[in-house]
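For reference, the chains in residue letters:
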Amino acid sequence: MILKNAIDSLASVLFPAPCAICGDTLTSASRIPVCGPCLDELESIPDPVCACCGRPLVAPSSGTAQLSLSMQAADLRCRLCRSNFYAFDRARSFAVYNRALSEAILLLKYEQVTALAGWFGARLARLALEAWPDWRADVVVPVPLHRDRRRERGYNQAELIAKPVARRLKLRLDADLLIRTKPRPAQLVLSRTEHWKSVRGAYATRGGMKIDNLRVLLVDDVLTTGATLDACSRALKKAGASQVFGLTVGRVRSGMAAAVYAPAAQSIRQPS
Ligand SMILES: [Zn+2]
Ligand SMILES: [Zn+2]
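Residues numbered from 1 in each chain as written. Chains lettered and ligands numbered in written order. Predicted model: local features only at pLDDT ≥ 70, side-chain atom pairs only at ≥ 80, totals over all residues. Heavy atoms only, no water.

Further remarks concern the coordination of the zinc ion (ligand 1). Coordination of the zinc ion (ligand 1) by the protein is provided by Cys19 (SG), Cys22 (SG), Cys35 (SG) and Cys38 (SG), with metal-donor distances spanning 2.2 to 2.3 Å. The coordination sphere of the zinc ion (ligand 1) comprises four donor atoms, whose angles at the metal cover 107 to 114°; the geometry is tetrahedral. Motif for the zinc ion (ligand 1), donor spacing along one chain: C-x2-C-x12-C-x2-C. Residue cysteine 22 is found in the loop between α1 (2-14) and α2 (36-40), and its partner cysteine 38 is found in helix α2; the two are separated by 16 residues along the sequence. (Donors = N, O, S within 2.8 Å, 3.2 Å for Na, K, Ca; no water. Tetrahedral: all angles 85-135°; square planar, octahedral: opposite > 155°, others 65-115°. Helix = DSSP H or I, 4+ residues; strand = E, 2+ residues; numbered from the N terminus.)

Counted under the stated rule, the structure contains nine aromatic pairs. Both rings, one in tyrosine 86 and one in phenylalanine 88, keep their centres 4.6 Å apart while their planes meet at 15°; by these two values the pair is stacked. The exposure classification of tyrosine 86 matches that of phenylalanine 88, with both residues buried. Grouped by ring-pair contacts, the aromatic residues Phe85, Tyr86, Phe88 and Trp196 constitute a single cluster. (Phe/Tyr/Trp six-rings, centres within 6.5 Å; stacked < 30°, edge-to-face > 60°. Buried < 20%, exposed > 50% of the residue type's maximum accessible area, 1.4 Å probe, protein only.)

In this section: the coordination of the zinc ion (ligand 2). Coordination of the zinc ion (ligand 2) by the protein involves Cys50 (SG), Cys53 (SG), Cys78 (SG) and Cys81 (SG), with metal-donor separations of 2.3 Å. Cysteine 78 gets classed as buried once you look at its relative accessible area, which sits at 5%.

Interhelical geometry of helix α6 (residues 114-131) versus helix α8 (residues 157-169) gives an angle of 50° and a closest axis separation of 7 Å. Regarding the angle of α6 to α8, the classification is oblique. Relative to α8, the crossing made by α6 is right-handed. For the pair formed by α6 and α8, the contact residues are Thr114, Ala117, Gly118, Phe120, Gly121, Ala122, Leu124, Ala125 and Leu129 on the first element and Leu160, Ile161, Pro164, Val165, Arg168 and Leu169 on the second. Per-class residue counts for the contact of α6 with α8 are eleven nonpolar, three polar and one charged. (Axes fitted to C-alpha atoms, helices over the stretch in contact; angles between N-to-C directions. Parallel < 35°, antiparallel > 145°, perpendicular 65-115°, else oblique. Left-handed = near helix turned anticlockwise from the far one by under 90°. Contact = heavy atoms within 4.5 Å. Nonpolar A, V, L, I, M, F, W, Y, C, P; charged D, E, K, R; others polar.)

Overall, parallel pairing links the five strands, which are arranged β1-β7-β6-β2-β3 in an open sheet. Of all the strands in the sheet, just β1 (90-96) and β3 (172-173) have a single pairing partner and so form its edges. By the bridge criterion, eight bridges tie strand β6 (residues 215-223) to strand β7 (residues 243-251) in an arrangement that is parallel. Bridging from a neighbouring strand, valine 219 pairs with leucine 247 of β7. Contacting β2 (139-142), β3, β6 and β7, α8 runs over the sheet at an angle of about 135° to β6. (Pairing = 2+ DSSP bridges.)

Time to look at the pattern of salt bridges. Here the idea is simple: oppositely charged side chains can pair when their charged atoms come close. Scanning the model with the defined rule gives eight salt bridges in all. Measuring nitrogen to oxygen at the nearest pair gives 3.0 Å for the salt bridge that ties arginine 99 to glutamate 103. Of this pair, arginine 99 and glutamate 103 both sit in helix α5 (residues 99-111), separated by four residues, roughly a single helical turn. (Salt bridge = Lys/Arg side-chain N within 4 Å of Asp/Glu carboxyl O.)

With that settled, the discussion passes to the environment of tyrosine 86. Structurally, tyrosine 86 can be placed in the loop between α4 (79-82) and β1. Setting aside its immediate chain neighbours within four residues, tyrosine 86 contacts Cys53, Arg55, Leu80, Cys81, Trp196, Thr225, Gly226, Asp230 and Arg234. In terms of polar contacts, tyrosine 86 uses its side chain to reach the side chain of arginine 55, at 2.7 Å. There is a polar contact of 3.4 Å between the side chain of tyrosine 86 and the backbone oxygen of threonine 225. (Polar contact = N/O pair within 3.5 Å; in protein donor to acceptor, adjacent residues only side chain to side chain.)

This part is about α5. Across its 13 residues, α5 extends 17 Å between first and last C-alpha, which sits within 8% of the 18 Å expected from 1.5 Å per residue. The elements touched by buried residues of α5 are α2, β1, α6, α8, β6 and β7. If you check the start of α5, you find a side-chain oxygen 3.3 Å away from the backbone N of alanine 100, and it comes from asparagine 98. Where α5 ends, the next residue or the one after it, glutamine 112, has phi of about 50°, a positive value. (Expected span 1.5 Å × (residues − 1).)

Further remarks concern the packing of α5 against α6. When two helices pack together, you describe them by how their axes are tilted relative to each other and by the distance separating the axes. The N-to-C vectors of α5 and α6 enclose an angle of 125°; their axes lie 8 Å apart at closest approach. When the axis of α5 is compared with that of α6, the two are oblique. Between α5 and α6 lies a crossing whose hand is left-handed. Together, Leu101, Ala104, Leu107 and Leu108 of α5 and Leu116, Ala117 and Phe120 of α6 make up the contact between the two elements.

Below, the structure written as structure tokens:
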């Protein structure tokens, strides 16, 4: 402990980098450029969640004890999943897409902070093992960007996160299995309907490749409406995938307007 404190204070002298989210000086040695208080702002997804899509389920105002009993069944499903709405089999997210998380994800998107991707990847790998003790996947696939977007940005943030997930789960990573064939509309913020429309039929396996009985673990940064994971899953299943699991770092609170956390890259302070 004393040694750790000594290392931390040495680190703050040697590397007086500010927290990439709030700008405060980092006082402890860490692999990620984010301070403790900012990390503390990350909120995990509140239980209970839909066993299928991972959406938090609202507890009825009465009968809380009853709900916790029925939760033991571990097979609570939301209205959408009861009607098999999504093409993916399971989805889970690490945290609520709140202000701290949206800024952390912007760091991944525009600053390529790979240490942060490693940190999130470790949490997603653990989440997969905890949420689905008996699940099996053959390959980890990041949700792809359209090639024009990827060229513009130089990398795909979902791939940055998927790499450490694959490494930790000892699975193969295939960043070329799925491609985005239709570009995203130019406007920054899309309504739910526009979002669903924009991704419908927007993904395909490369060269129409068949992937019979492959079990795929899809990785993305944020789940907004589930439309992206759904569209990717449809493409994978059309090509023959038997199961698709989805993992995302963030999840927009159900019913929360996406515009509240629309990108504002200029508000993030740059590490000096
Ligand atoms: Zn901070
Ligand atoms: Zn559901």
